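Results of the structural survey
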Amino acid sequence: MENPPVTDGDQQVKDGDKPQNGEADTGQEEDAEMVEDLPPVSYRTISDDEAVLLRMADNFQRQYSHYCPERKPLFLCPINECGIKKFVSTTLRPTMMDYSELYTWDGAASFVADYLSLEPLESPDELPKYLCSPTLVLRRQKGMCFEFSTLLCSLLLGANYDAYCVSGYAVKEMCQLNQTHQECPLLDPQVKVRAAASEHRCHEFQYQVKPLKELKSRFVAEKNQRTKEAGEAAKWEKLRQQENLEMKPPSPDPLRGLRLHSWVLVLAGSRSIMENFFIDPLTGKNYSTADENFLGIESIWNNVNYYANMQDCSNGCADMMYDLDDINMWEPLLAAKTTRDQDDQGKKPSGAFIMPGSWVDPLAISKKDLETRWPGGSKVTFYKKAKLEKFALEVNSCGLVTRLTTYSDMDCTNVVAVKEWYRFRDDHLEEREVNYVEHSTTESFGRGRRFHLLYHRYTTPPAEVEREMEFSTARVDGLVRRKESPGLMTETYEGREDFLYYRHVVYNGNFTDANIDLEELPLLKVVERFDRNRKKPAKEDVAERVFLVIEKRVNVTYHLEDHRFIPPNRRFIKPGEHQDFTADMVSSFQVDRCEIPPCPRKVYDMLLHLMKDEEVIVQQIKASIIEIRNIVACREQENKDVELDFPMSTTKGASLIHSQREEMKRRAAEELRLLQEKKIDILAPFLARLSNPENLNEVIAQQLYEDCLAEFKERLVAQANLIQERYDRETEELHERQHWFHKNQLNMTKQQTEEYHDYCAEKTLKINVAKKRISLHQEASTQKYVEFVQKLKKDPRLAPYLHH
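Residues numbered from 1 in each chain as written. Predicted model: local features only at pLDDT ≥ 70, side-chain atom pairs only at ≥ 80, totals over all residues. Heavy atoms only, no water.

Quick look at the nonpolar core
Judged by nonpolar contacts, the single largest core of 84 residues is most densely connected at F87, L156, I297 and Y306. Apart from the residues within four sequence positions on either side, L156 is in contact with W105, A108, Y161, A163, V264, V266 and I279. In terms of nonpolar packing, the next biggest core, distinct from the first, is built from 39 residues, L453, F471, Y558 and I617 among them. (Core = buried A, V, L, I, M, F, W, Y, C linked by side-chain atoms within 4.5 Å. Buried < 20%, exposed > 50% of the residue type's maximum accessible area, 1.4 Å probe, protein only. Contact = heavy atoms within 4.5 Å.)

What to know about the packing of helix 17 (residues 698–744) against helix 18 (residues 750–794)
The geometry of helix 17 relative to helix 18 is characterised by a closest axis approach of 9 Å and an angle of 170 degrees between their N-to-C directions. By the angle between their axes, helix 17 is roughly antiparallel relative to helix 18. Class assignment of the residues belonging to the contact of helix 17 with helix 18 gives a composition of 20 nonpolar, eight polar and 11 charged. (Axes fitted to C-alpha atoms, helices over the stretch in contact; angles between N-to-C directions. Helix = DSSP H or I, 4+ residues; strand = E, 2+ residues; numbered from the N terminus. Parallel < 35°, antiparallel > 145°, perpendicular 65-115°, else oblique. Nonpolar A, V, L, I, M, F, W, Y, C, P; charged D, E, K, R; others polar.)

Notes on the confidence of the model for the protein
Mean pLDDT over the protein works out to 82, with 83% of the residues at or above the 70 mark. For the stretch residues 1–35, pLDDT sits under 50, and the model shows 44 contacts to residues farther than four places along the chain or on other chains. Low pLDDT, under 50, characterises residues 189–212; the predicted model gives this stretch 30 contacts beyond four residues in sequence or across chains. (pLDDT = per-residue confidence, 0-100.)

Considerations on a nonpolar patch on the surface
The grouping of F565, I566 and F589 at the surface amounts to a nonpolar patch, some 300 Å² of accessible area in total. Residue placement: F589 occurs in strand 25 (residues 586–589). Here F589 falls in the partly exposed class, since its relative accessible area comes to 34%. (Patch = residues over 30% accessible without salt bridge, like charges linked within 9 Å, V, L, I, M, F, W, Y side chains within 5 Å. Areas by Shrake-Rupley, 256 points an atom, 1.4 Å probe, with all protein chains shown as cover. Salt bridge = Lys/Arg side-chain N within 4 Å of Asp/Glu carboxyl O.)

Notes on the packing of helix 6 (residues 105–115) against helix 8 (residues 145–158)
Where helix 6 meets helix 8, the axes come as close as 10 Å, and the angle between the chain directions of the two elements is 150 degrees. With respect to their mutual orientation, helix 6 and helix 8 come out roughly antiparallel. Our pair here, helix 6 against helix 8, has a crossing hand that is right-handed. Residues W105, A108, A109 and V112 of helix 6 touch helix 8, and the partners they reach there are F148, L151, L152, L155 and L156. Grouping the constituent residues of the contact of helix 6 with helix 8 by class yields nine nonpolar, no polar and no charged. (Left-handed = near helix turned anticlockwise from the far one by under 90°.)

What about the side chain of E484?
By the element assignment, E484 lies in strand 18 (residues 479–485). Buried and unpaired, E484 has no salt bridge, with R467 as the nearest side chain of opposite charge at 4.4 Å. (Lys, Arg positive; Asp, Glu negative; His and termini not counted.)

Points about the pattern of salt bridges
In the structure shown here, the tally under the stated rule is 39 salt bridges. In this structure, the salt-bridge partner of E443 is R635, at a minimum N-O distance of 3.1 Å. Of this pair, E443 sits in strand 15 (residues 440–445) while R635 sits in helix 14 (residues 600–640), and the two are 192 residues apart along the sequence. Each member of the pair, E443 as well as R635, is classed as buried. Salt-bridge contacts for D613 lead to R545; the nearest nitrogen and oxygen are separated by 2.8 Å. Taken together, the residues D613 in helix 14 and R545 in strand 22 (residues 542–548) connect sequence positions 68 residues apart.

This is the structure:
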């Protein structure tokens, strides 16, 4: 191979680019291990095409400096980790990854920002001398901004994005990865809003007399609205001014407009991208090309060509155009028109020099890299009044993967709240937020945990103890929400056969304390409300029941008829222990005066029914309080003994499953070995019953033979009965659930319907398995019985006495 002529730049690589005494060597000493391991030849040598490209780049640099003497030199041929000059376009290595997460620009950008830690430039206003390969950057998990953008651009090019590395200028905060003046993304109001499914249903009694229309002045209302809006605006302005006072005024940056930064430009056209945008590889965020954080561009490049910017950047990047075919705006290194489409199709313009292939090996990112991500397994980012911590799956034994701490001051000293996100916990805990201002803790769970608990919020001293719980619709009693405070408890239901949807309980004391006896629960009042049962007339369909326990009264309000404004109601007074029921113990209101009122006997039966219901309700309330105690005790124990259940989709889970399988194989082999060493004596239990088992005669031998056969038959029948019982139980449960579905399907939600279909599919599978096992057992029983008979007849202790 003929060596290219030695230029000034080449001589600098050979002689002058080694660090002087006392100068930091950014890569060579630190990466001596890789050099000793002999990296690929392409890392350590220059091919013929690369030599030609280096001479072209040197010539391009001289012409650029001649026509633009006021501009800084271009970033063209930095030195790689092996001390060899390489052109920046050939340092890009387009690689298509096997993971869907890395096939989108935001997924790839998020991975690069998480996986790497930032090394600042040696001088913020001077181009770096070195540019390591993306393979080494992945291995070290750190790099400067130009190495960040090279790795990200390589991933985007492999995913078929029209992406370019950018060499330019940005504000100080972006160059130094300082986000302390930015809002944390997790504090976005849209992120904090709870899902619509968790919104509470309004429990106010809907059947009431409509109030008279209130006459209001529209002028006065508009004036009040303007006053309210002005007050809100003044409030927010005051908060903003207070926040500005807390913030230290930023000192002017003497290097503004000179601080070098590298980011990625994605052009519209590929992958359905409709508009050009920037990606900051340090944070993984996307920005408009007119964003004020970007102050200018010197050049851009991809794996096909290199372009010097010829546009004015005195106003930043807001007015820049990205038509790379316009040589008045962008000066290409390779004069021939070489687009990504031509490169993808392998077409080479006749007589034109095209960009050599990358000298970098294909990038390798493992599933383990995607899971661990952050260098050292964790990463801390400070935002405006917030600190965000992210952890790899295996770092915390409690399953903690994200923690967001918010503060009331800019110095991040006074904690307001701490919110944590978890994964793969056996108690299904997904989120926990501790609010130190409200003295409250909120927990959110996935489906499938004990008590079907989905949401749990409780306050701690010095605040008054309150609890709020939400449950999944899988509960048999239909409970979906419970709110509890000292002396009060409110429960909400859905999908019950008795149409109950609301129960409010008033009592004395805090009976959720496990040390208080529930036998003498001092109930004061119980309010129950029911949905409309269309199978009953409205005047007989109870809408609300109020049990005034201390006053020994019961008030019943019925549903409102469609053409009425006032619902009918009855007021009962419970008779004393030795008191007879009299007519003055009940008062009624009938909307239709012509309707015949019920007879006293029927009214008395109503009262007896209500008194029995009250006793049942008292027991249900006690059961609810006991359940609250159990949930609290359960959560305390679960927080002490946290276990993680990694799925097979994770590397940790796959490793655990593999270890378990290997252990099962080892145990099975050990048991088989022991069985082979010591054969089971089928006559041993029966011989043990005889006083002298060594002296057998024909009668005893025949009896042993028959006893063994009888016991073997019993075992076969017991196995068959057990399988049949499972089959019958699964079938009965499926029929009951189908009957329940047909009865309630008109009032069921979409989620309940989906859960029903999932339940039926699972039950059907179990039934089919049981049915198959019954068939297999019947087929195998006969053969097993014949083999057992032959085994007995061949036993040397019985064979002499048995008649074949």
